[in-house]
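# Report on the structure
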Amino acid sequence: YPPELVRNFSIIAHVDHGKSTLADRLLELTGTIKKGLGQPQYLDKLQVERERGITVKAQTATMFYKNIINGDDFKDGKESSNYLLNLIDTPGHVDFSYEVSRSLAACQGVLLVVDAAQGVQAQTVANFYLAFESNLAIIPVINKIDQPTADPDRVKGQLKSMFDLDPSDALLTSAKTGVGLEHVLPAVIERIPPPPGKSESSLRMLLLDSYFDEYRGVICHVAVVDGALRKGDKISSAATGKSYEAMDIGIMHPELTPTGILFTGQVGYVITGMRTTKEARIGDTIYHTKSTVDVEPLPGFKAAKHMVFSGLFPADGSDFEALSHAIEKLTCNDASVSVTKETSTALGLGFRCGFLGLLHMDVFHQRLEQEYGAHIISTVPTVPYIYEYSDGSKLEVQNPAALPSNPKQRVVACWEPTVIATIVMPSEYVGPVITLLSERRGEQLEYSFIDSQRVFMKYRLPLREIVIDFYNELKSITSGYASFDYEDSDYQPSDLVKLDILLNGQAVDAMATIVHNSKSYRVGRELVEKLKKVIDRQMFEIIIQAAIGSKIIARETVTAMRKNVLAKCYGGDITRKKKLLEKQKEGKKRMKRVGSVDVPQEAFHELLKVS
Ligand code: GDP
Ligand code: MG
């Protein structure tokens, strides 16, 4: 397949607008997968992805397609050609926006899918600009036109006013009923240019993704930008300088199909004997080892930036080995999580993990529990702050517990990471949303109308303020009608303090947080109240305090259990006593002894809800 007969494209969409369903239909249409396999959404392979309806790991598939013009096999007396189409999937979530832009780097065009009823949403806007800035051909696809509330004309108007896309370019489809799907691939062939690479040049490949296979080791997904790759070639990585042999290469059709060669413009897989996916850096350039000197790396490789950190501890101290094993296995397939050992006085031995964002963290926790049966306690997520000390040194703080309790003495300045948030909502919710955003220390950058009923806003927000429970609150004040997306921005100076939680006078390291000074009293108050509700009465009084340095700012007391209450419970009835003891045993499993106080696991969950 010469490049003229290759098309590389991606489908981008706001979550739930039908990206995965459309991808499946296209794979069926080209006979790449069988119709109605009963396996919904072929490309969403992980259980969490199916459950949450999001794509975490990008997948790629090659399709073969004969472009038949006007139902006729011939055009101008020329037989229609067989095309090789690579559908390069992108993760559908902001946490993975770096991976999205890497995937797009291998494409020349996108299908921009918009739900015909919901219209343009926050991720539609964010994704559009990613594609637009990469100079990709954009084919608008208005999907779900079978819905009774579908209003394709209104969506066309939005596409025109927001993105200046010509309404007559929009394809109308239902990935559910199949209506309009026959126009999709012909549009891909006509409107998306072939890959521009040079066949005669030295090999340059973009590393798109990688995963670990029990039997075959690390499998890399690559896009051949220039030149060609043959089985047995010696190749090197620009990022790590390491060299490998291309032991097996081929295409994803959609399963791994060996071809022995990948030509310019093709997308496929390479197996090299890499030991871990940590060696396979997404966005890396790979070239022939012998041509090291004359090959310029492709632009834009950057290491994953961890924006959210949290401590992970076994719910039961003895499970440390099991947790350690589970984390090791899981990070084999997700090199974007950083892991270091952490010791907490309160929770014992555990790990500090860095994630790309909140969803990434949630998904990791969920996979640990679902796929590896690990029971974990996770501490309040924190963002990486930068502290500058009087001697001029700077420190990235990933763990509040690592800060001295009264940092003000030595710290001369603090910075916190911010994001640029995109929010789309019906205009009637503007008031409450603006209130929420100002409570979260947001600064409005842009405000405009998408059409007569929808508003689009851009805000700068401290990352910290969206990490904790922001999305749920936004959803709840807008009855689910607001959509939200964000991208990383600069560090900004900030007035930060460390908030300690004390149980019976002892600071609990795993409960420490860093908060903005203006909020410290309210947050301290709320944390203490929440903890009082979930910590059971014990044989002695428990004093719960919030403190900044040596200053106590909030206090609650859990009174001691009265002796006669116990006596009554443990009276005569033997079965009742047995039941109680069993119940106690069950409860114990979920308890963590912190100093002398039994703290239930849910206390840590409660802490996640205060911001
Ligand atoms: P994604 O998040 O963009 O990948 O969206 P999915 O493909 O997972 O689709 C989200 C939901 O919309 C699923 O329940 C699909 O069955 C449904 N869906 C997808 N396409 C259509 C369509 O054309 N019409 C209708 N009525 N539902 C659709
Ligand atoms: Mg999906």
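Residues numbered from 1 in each chain as written. Chains lettered and ligands numbered in written order. Predicted model: local features only at pLDDT ≥ 70, side-chain atom pairs only at ≥ 80, totals over all residues. Heavy atoms only, no water.

## Observations concerning the side chain of threonine 60
With respect to the helices and strands, threonine 60 occurs in strand E2 (residues 60-66). On the basis of relative accessibility, which here comes to 8%, the residue threonine 60 falls in the buried class. (Helix = DSSP H or I, 4+ residues; strand = E, 2+ residues; numbered from the N terminus. Buried < 20%, exposed > 50% of the residue type's maximum accessible area, 1.4 Å probe, protein only.)

## Considering the sheet that holds strand E19 (residues 308-314)
The four strands lie next to each other as E20-E21-E19-E22, forming an open sheet whose pairing is antiparallel. Sheet topology places strand E20 (338-344) and strand E22 (376-378) at the edges, where each strand pairs with a single neighbour. Each strand of the sheet is rotated relative to its neighbour by a mean of 30 degrees, with strand direction disregarded. In the sheet, E19 pairs with E22 via three bridges, with the strands oriented antiparallel. Note on E22: the bridge partner recorded for proline 314 is isoleucine 376. Running over the sheet, helix H7 (residues 320-332) touches E19, E20, strand E21 (348-355) and E22 and is turned about 20 degrees from E21. (Pairing = 2+ DSSP bridges. Axes fitted to C-alpha atoms, helices over the stretch in contact; angles between N-to-C directions. Contact = heavy atoms within 4.5 Å.)

## Details of the site of ligand 1
Near ligand 1, the surroundings consist of 17 residues, among which Asp16, Lys19, Ser20, Thr21 and Asp146 are the closest. In this structure, an oxygen atom belonging to ligand 1 sits 3.0 Å away from a main-chain N or O atom of glycine 18. At a separation of 3.2 Å, an oxygen atom of ligand 1 approaches a polar backbone atom of lysine 176. Burial of ligand 1 by the protein amounts to 78% of the accessible area it has alone, namely 580 Å². It is helix H1 (residues 19-29) that provides the largest number of residues to the shell around ligand 1, a total of three residues. Among the residues making up the shell around ligand 1, the classes are represented as two nonpolar, 10 polar and five charged. (Near = heavy atom within 4 Å. Polar contact = N/O pair within 3.5 Å; in protein donor to acceptor, adjacent residues only side chain to side chain. Areas by Shrake-Rupley, 256 points an atom, 1.4 Å probe, with all protein chains shown as cover. Nonpolar A, V, L, I, M, F, W, Y, C, P; charged D, E, K, R; others polar.)

Geometric values such as these leave the question of function open.
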